[in-house]
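# A structural walkthrough
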Amino acid sequence: MNQSLSPEEQRLIIEKLYRSDDSITSTERFNKAYSDQIGKFGKITMPLNDFGRKMKQTDFTSQEVERFTKEVSGKTIDLETL
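Residues numbered from 1 in each chain as written. Predicted model: local features only at pLDDT ≥ 70, side-chain atom pairs only at ≥ 80, totals over all residues. Heavy atoms only, no water.

Running from amino to carboxyl end, helix H1 (residues 7-17) crosses helix H2 (residues 23-38) at an angle of 80°, the nearest separation of the two axes being 8 Å. Between H1 and H2, the angle is such that the two are roughly perpendicular. Facing H1, whose interface residues are Arg11, Leu12, Ile14 and Glu15, H2 presents Ser23, Ile24, Ser26, Thr27 and Phe30. Its residues assigned to classes, the contact of H1 with H2 comprises four nonpolar, three polar and two charged. (Axes fitted to C-alpha atoms, helices over the stretch in contact; angles between N-to-C directions. Helix = DSSP H or I, 4+ residues; strand = E, 2+ residues; numbered from the N terminus. Parallel < 35°, antiparallel > 145°, perpendicular 65-115°, else oblique. Contact = heavy atoms within 4.5 Å. Nonpolar A, V, L, I, M, F, W, Y, C, P; charged D, E, K, R; others polar.)

Another point: the side chain of Glu15. By secondary structure assignment, the location of Glu15 is in helix H1. At 6.3 Å, Lys16 is the nearest oppositely charged side chain to Glu15, a buried residue that forms no salt bridge. (Buried < 20%, exposed > 50% of the residue type's maximum accessible area, 1.4 Å probe, protein only. Lys, Arg positive; Asp, Glu negative; His and termini not counted. Salt bridge = Lys/Arg side-chain N within 4 Å of Asp/Glu carboxyl O.)

Oppositely charged side chains may form a pair once their charged atoms are brought near each other. Counted according to the given criterion, the structure contains five salt bridges. Notably, a salt bridge pairs Lys16 with Glu71, separated by 2.9 Å at the nearest N-O pair. Taken together, the residues Lys16 in helix H1 and Glu71 in helix H4 (residues 62-73) connect sequence positions 55 residues apart. Judged by relative accessible area, which is 30%, Lys16 ranks as partly exposed. Salt-bridge contacts for Glu64 lead to Arg19; the nearest nitrogen and oxygen are separated by 2.7 Å. Taken together, the positions of Glu64 in helix H4 and Arg19 in the loop between H1 and H2 put the pair 45 residues apart, joining distant regions of the chain.

Right, let's talk about the packing of H1 against H4 for a bit. Where H1 contacts H4, the two axes come as close as 9 Å, and the packing angle between them is 130°. Regarding the angle of H1 to H4, the classification is oblique. Between H1 and H4 the crossing geometry is right-handed. Residues Glu9, Leu12, Ile13, Lys16 and Leu17 of H1 touch H4, and the partners they reach there are Glu64, Val65, Phe68, Thr69, Glu71, Val72 and Ser73. When grouped by side-chain class, the residues that make up the contact of H1 with H4 number six nonpolar, two polar and four charged. (Left-handed = near helix turned anticlockwise from the far one by under 90°.)

Now the structure itself:
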């Protein structure tokens, strides 16, 4: 099983976290807020665990990140174990 997230999956997860209907604008907003701290999202394929570790450094709840990751990609991640 491929345990990575494509740029499109990352953008869709971020869109859901911002409760938006525009993944591009949401990702730009996310990158503006967090890129200095964790790097840019939505540009390259990222290993699932790297995505999770970086998302733990944001203000989004682990439950939301886990739920939307599963919803968008079908992949399960447990941020508490990372």
